[in-house]
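Below are the chains, spelled out letter by letter.
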Amino acid sequence: MKIEAFGVEQWMNAWETKCTYNVAETCVESITVEELLKMAGVTPEQMTSDLLGKKLTYGWIEGSQRVRSLIAGLYEKQKPENILTTHGCIGANMLVHRTLVEPGDHVISVIPTYQQHYSIPESIGAHIETLRLKPENGFLPDLDELKAMVRPDTKLICINNPNNPTGALMDQTLLEEICEIARSVDAWVLCDEVYRGLTQEDAYSVSVADLYEKGISTGSMSKVFSLAGLRFGWIAAPLELIERVMHQRDYDTISVGMLDEYFTELALSAKDKILERNRAIIRENLEILDQWVQSEPRLSYVKPKAGTTAFVKVQTKLSSLEFCERLVKETGVMFTPGSALHTEGYLRIGYANNKEVLKKGLALTSEFLKVVP
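The present account deals with the structure reproduced in this document. None of these values were measured; they are calculated from a predicted model.

1. Describing helix α10 (residues 239–252)
Point 1. Along its 14 residues, α10 runs 20 Å from first to last C-alpha, staying within 8% of the 20 Å computed at 1.5 Å per residue.
Point 2. A maximum bend of about 30° is found in α10 at Met 246.
Point 3. Those residues of α10 not exposed but buried are Leu 241, Ile 242, Val 245 and Arg 249.
Point 4. Each element contacted by the buried residues of α10 is listed here: β2 (83–86), α5 (88–100), β6 (188–192), β7 (215–220) and β8 (233–236).
Point 5. Following α10 by one or two positions, Ile 254 has its phi on the positive side, about 60°.

This is the structure:
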């Protein structure tokens, strides 16, 4: 299978272990096992007892009843049988695309978004059309453009809410309108909701899986719950699709690790405490970022409403890749170039990690902006 190089992942692999100030990270600052135990009300002794008694088998193939019940609790209408566990959200997205998309299918994806949603269908042989998200529209999909793109043979519409990299957030009305467009041609809607829950308000945004009979939601423990090291994700979808995905999943996943599942259960049982912590981080850090952007005449952006990233337009004679390469080499500060997301002229900034790293990284970037053309 030929597939385009994954721009963001290749950039991260190249620089995240070499930079001094990682302001490209997309997860809310990771929590330790000790912190997780405290929030879940579990002592180290209890955890040790729980784990020492476990046989390291495959465990529950589709995910334990408890973990699927906890995940279903993140939705309004989903039941445990509508949930399937995966190796992170990246595994969830891959499985959905491999299950639904066939050569010659018509697939629509917003852009910028996570590259899986257009490069994987394209590699399968689908006909891809991309719906460009524009800053003048708040980086929200233009419904008239989407209506003009759908066809009787449209198989799948891919969206991302909250959006990576822009932080745009579609409300229920907009999502319902997208679902109605999909319904008009009997298309599936895949919504990558890996940042769902990280809003600037104390609320979960509505899920496509709860709005549309052919709606699919993917999520994980990585961004919202600060547990990327677990590599634990899921699909929430109609039972018909879950059963079809299981056939694909047998070939590459079999099951998610039982130790990952154990810590996921702890985290989801303490989700309110984790969300309180993480929403406080993104609010405080976004204000730091916002003040910085407003103070820099060469920068502009649409302030994010959710998620952990901002898409900042920079006035420079350099390409976004040249800008970011020089920045990291000369100052140790790492952003992600917009070109890695097929959108030139922008920088993706992750603002949800360590506050002091963010402050230092932005200050050094201000000095860099004084001398870079």
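2. Some details on the side chain of Gln 78
Point 1. Mapped onto the elements of the fold, Gln 78 is located in the loop between α4 (65–72) and β2.
Point 2. Note on Gln 78: relative accessible area 12%, which makes it buried.
Point 3. Among the polar contacts listed, one links the side chain of Gln 78 to the backbone oxygen of Ala 209, at a separation of 3.0 Å.
Point 4. Contact partners of Gln 78, with chain neighbours within four places excluded, come to Ala 72, Ile 83, Ala 209, Asp 210, Ala 236 and Ala 237.

3. Focus: the packing of aromatic side chains
Point 1. Tallied over the full model, the rule gives seven aromatic pairs.
Point 2. With centroids separated by 6.4 Å and ring planes inclined at 65°, the aromatic side chains of Phe 139 and Phe 311 adopt a geometry described as edge-to-face. Remark: Phe 311 occurs in strand β10 (residues 309–314) and Phe 139 occurs in the loop between β4 (127–132) and α7 (143–149); sequence separation between them is 172 residues. For the pair Phe 139 and Phe 311, one class covers both residues: buried.
Point 3. On the basis of an interplanar angle of 10° and a centroid distance of 4.6 Å, the ring pair of Phe 311 and Tyr 346 is categorised as stacked.

4. Comments concerning the pattern of salt bridges
Point 1. This structure, assessed with the given rule, holds 16 salt bridges.
Point 2. Across the salt bridge formed by Lys 303 and Glu 287, the nearest N and O atoms sit 2.9 Å from each other. Placement of Lys 303 in the loop between β9 (299–301) and β10 and of Glu 287 in helix α12 (residues 271–295) is noted, with a sequence separation of 16 residues between them.
Point 3. Using a relative accessible area of 35% as the deciding quantity, one classes Lys 303 as partly exposed.
Point 4. For Glu 287, a relative accessible area of 35% gives the class partly exposed.
Point 5. The closest approach of N and O atoms between Glu 367 and Lys 370, which form a salt bridge, is 3.1 Å.
Point 6. Classification of Glu 367 by relative accessible area gives partly exposed; the value is 45%.
Point 7. The exposure class of Lys 370 is exposed, given its relative accessible area of 63%.

5. Let's talk about the sheet that holds β10
Point 1. Pairing is antiparallel across the open sheet formed by four strands, whose spatial order is β9-β10-β13-β12. The open sheet has two free edges, formed respectively by β9 and β12 (336–337), since each of these has just one partner strand.
Point 2. Across three bridges, β9 lies against β10 in antiparallel orientation. Considered in β10, the bridge of Tyr 301 is made with Val 312.

Criteria and cut-off values
- Residues numbered from 1 in each chain as written.
- Predicted model: local features only at pLDDT ≥ 70, side-chain atom pairs only at ≥ 80, totals over all residues.
- Heavy atoms only, no water.
- Helix = DSSP H or I, 4+ residues; strand = E, 2+ residues; numbered from the N terminus.
- Expected span 1.5 Å × (residues − 1).
- Bend = angle between axes of the 7 residues up to and from the residue.
- Buried < 20%, exposed > 50% of the residue type's maximum accessible area, 1.4 Å probe, protein only.
- Contact = heavy atoms within 4.5 Å.
- Polar contact = N/O pair within 3.5 Å; in protein donor to acceptor, adjacent residues only side chain to side chain.
- Phe/Tyr/Trp six-rings, centres within 6.5 Å; stacked < 30°, edge-to-face > 60°.
- Salt bridge = Lys/Arg side-chain N within 4 Å of Asp/Glu carboxyl O.
- Pairing = 2+ DSSP bridges.

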